[in-house]
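What follows is each chain in one-letter form.
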Amino acid sequence: MLRISVYGALGLGAALLIAALLLPTYTVGQITKIPLNLDTTLVSEGTGTALDPASLAKETFAIDADVPLAQQQQISVESPANADVVTLQAGSTVRRTDRQKDTGLLLAIVDTVTLNRTTAEAVSDDAHPGGTVQQPRSIEDDNPPKPLPLAHEGLSYRFPFHTEKITYQYFDPIAQEAFDANFESEDDVNGLTTYRFTQNVGYNSDDKLVKPLKYPSLYSDNEDGEVTTSARQWGVEAEDPDEPITMTRYYAAQRTLWVDPVSGTIVKSTEHANHYYARDPLKPEATLADYTVTSTEQTIEEQVRAARDERDFLALWSRILPITLAAAGLVALVGGVLLATFGVRTETALLDPGADTSEQGFFEGLFENLRHRKAKGDEPMPAAEAQTEKLPSQRRDAPRDPGDPPARS
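Residues numbered from 1 in each chain as written. Predicted model: local features only at pLDDT ≥ 70, side-chain atom pairs only at ≥ 80, totals over all residues. Heavy atoms only, no water.

Draft legend 1. Representation of unusual backbone geometry. At the junction of Ser-79 and Pro-80, the peptide bond is cis and its omega measures out at 5° in the coordinates. Mapped onto the secondary structure, Pro-80 falls in the loop between strand 2 (63-78) and strand 3 (85-96). Here Asp-66, not a glycine, exhibits a phi torsion of approximately 55°, which is positive. Turning to its location among the elements, Asp-66 is positioned in strand 2. Here Asn-222, not a glycine, exhibits a phi torsion of approximately 55°, which is positive. (Helix = DSSP H or I, 4+ residues; strand = E, 2+ residues; numbered from the N terminus.)

Shown next, in the form of structure tokens:
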């Protein structure tokens with residue numbers, strides 16, 4: 001039983017140490033991946049200058065300043081999603097909150113992208129664009145939305161685990177291109193240390209419009225990318241108010257993203273977007289939406305909580321469990337060695353009582369004492385074997401009376 005205990009303790013200790021080594025190397029590599037159960041709604045609020053959609057049917061477009069705006073983004077997982085890739089579908093809308101329902105809707109887009117779960121980069125090539133964008137429907141169209149293939153590149157909606165302080169390519173689905181997202185600084189967001197990244201699309205670092213993009217329309221006839229209507233409706237001065245004027249839609253944006261460097265979760269964002277019509281790209285004439293929105297406090301709290309959950313899960317498998325298993329393995333190995341040493345010395349003491357008696361420890365001395373007592377218990381005591389001599393007993397006379405005659409011999 002002692003030998004079995006020794007082998008068991010040594011085997012258990014070795015197994016625990018091997019597990020402690022494998023967890024940070026193999027297992028952690030399997031769990032540092034984008035989760036497959038993402039389902040979140042991100043809300044940002046702010047103000048800006050925006051078109052009144054109800055004025056599209058009127059004589060002149062109405063463009064209002066300082067209107068309340070809200071941007072909502074619903075992100076969920078679609079197929080394909082497996083051990084290597086995950087497909088995210090993001091439906092985004094921007095609406096005026098001072099208008100009811102669709103009367104305040106300014107922008108809407110549904111973007112789908114397949115990402116590598118480890119690098120968070122789009123899985124895209126010539127044969128497989130790796131993403132789609134839904135083609136908008138006209139009011140009279142009752143057919144389901146048609147997905148249009150859209151090649152994605154760089155990051156989308158996430159950063160990789162263990163984000164670095166470098167420049168990443170981050171995809172803009174409206175521009176249908178990836179642009180630099182530059183690391184700026186470390187910031188605290190609700191007690192979480194984050195990396196702040198900034199991205200400029202059409203703007204320079206001084207917030208000046210320098211190279212706006214011609215809006216890539218999702219309609220087959222480019223009906224919202226280039227619009228022709230009267231000068232009166234555009235609200236521009238002309239000799240003839242009914243003179244047809246054609247304007248092109250342009251787009252520019254600035255983003256600031258606060259990213260949890262451990263999980264790659266975007267916990268907060270601020271976005272300044274500018275959609276406008278103009279004849280000169282650097283001279284906006286009719287604003288569709290020029291706004292700045294920031295994540296709401298509720299959204300920030302939810303994203304920080306999600307980032308902490310991913311951090312805790314990663315820490316469990318990368319630090320806590322390996323340290324615990326390594327400590328338990330060392331204890332088991334030390335216990336096995338002590339049991340083995342004890343077993344060898346005990347067996348030696350039982351087989352050869354005279355061996356190493358000068359350095360006998362407590363247990364060896366105890367076993368030796370028990371052995372000698374057992375041996376002595378098997379031998380007869382000397383007193384039990386000694387022969388006894390029977391001595392004759394002397395007769396003891398009764399005391400004589402002084403008046404009695406002397407005894408005869």
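Draft legend 2. Representation of the pairing of strand 7 (residues 168-172) within the structure. Burial analysis of strand 7 places four of its five residues in the buried class, the great majority of the element. Judged from the five bridges that link them, strand 7 and strand 8 (residues 177-189) form a sheet pairing that is antiparallel. By the bridge assignment for strand 8, Asp-172 is matched with Glu-177. Counted between consecutive antiparallel strands, the loop separating strand 7 from strand 8 contains four residues, among which Gln-176 sits at a positive phi close to 60°. (Buried < 20%, exposed > 50% of the residue type's maximum accessible area, 1.4 Å probe, protein only. Pairing = 2+ DSSP bridges.)

Draft legend 3. Up close: the nonpolar core. By size, the foremost hydrophobic cluster in this structure holds 34 residues, and its most contacted members are Leu-69, Trp-234, Tyr-251 and Tyr-291. Those elements that provide at least two residues to this core are strand 1 (39-51), strand 2, strand 4 (105-116), strand 8, helix 2 (231-234), strand 12 (244-259), strand 13 (266-278) and strand 14 (286-295). No other element matches strand 14, which puts five residues into this core. Formed by 22 residues, the second largest nonpolar core is a distinct cluster that contains Val-86, Leu-88, Val-113 and Ala-181. (Core = buried A, V, L, I, M, F, W, Y, C linked by side-chain atoms within 4.5 Å.)

Draft legend 4. Broad picture of the side chain of Thr-270. Along the chain, Thr-270 turns up in strand 13. Within the structure, Thr-270 has its side chain in polar contact with the side chain of Thr-294 (distance 3.2 Å). Once residues lying within four places of it in the same chain are set aside, the contact partners of Thr-270 are Gln-254, Arg-255, Thr-256, Trp-258, Thr-292, Val-293 and Thr-294. (Polar contact = N/O pair within 3.5 Å; in protein donor to acceptor, adjacent residues only side chain to side chain. Contact = heavy atoms within 4.5 Å.)

Draft legend 5. Representation of the pairing of strand 2 within the structure. Judged from the 12 bridges that link them, strand 1 and strand 2 form a sheet pairing that is antiparallel. The partner of Thr-40 across the bridge, within strand 2, is Ile-75. Of the strand pairs in this sheet, strand 2 and strand 3 are connected by 10 bridges, and their pairing is antiparallel. Looking at the pairing, Leu-69 lines up with Arg-96 of strand 3. Counting the residues in the hairpin turn of strand 2 and strand 3 gives six residues.

Draft legend 6. Molecular detail of the environment of Ser-55. Within the secondary structure, Ser-55 is located in the loop between strand 1 and strand 2. Assessed through its relative accessible area of 1%, Ser-55 is described here as buried. The spatial distance from the C-alpha of Ser-55 to the C-alpha of Gln-233 is 9.5 Å, given a sequence separation of 178 residues. Excluding residues within four positions of it along the chain, Ser-55 makes contact with Thr-60, Phe-61 and Ala-62.

Read these as layout, nothing more, since geometry by itself doesn't imply function.
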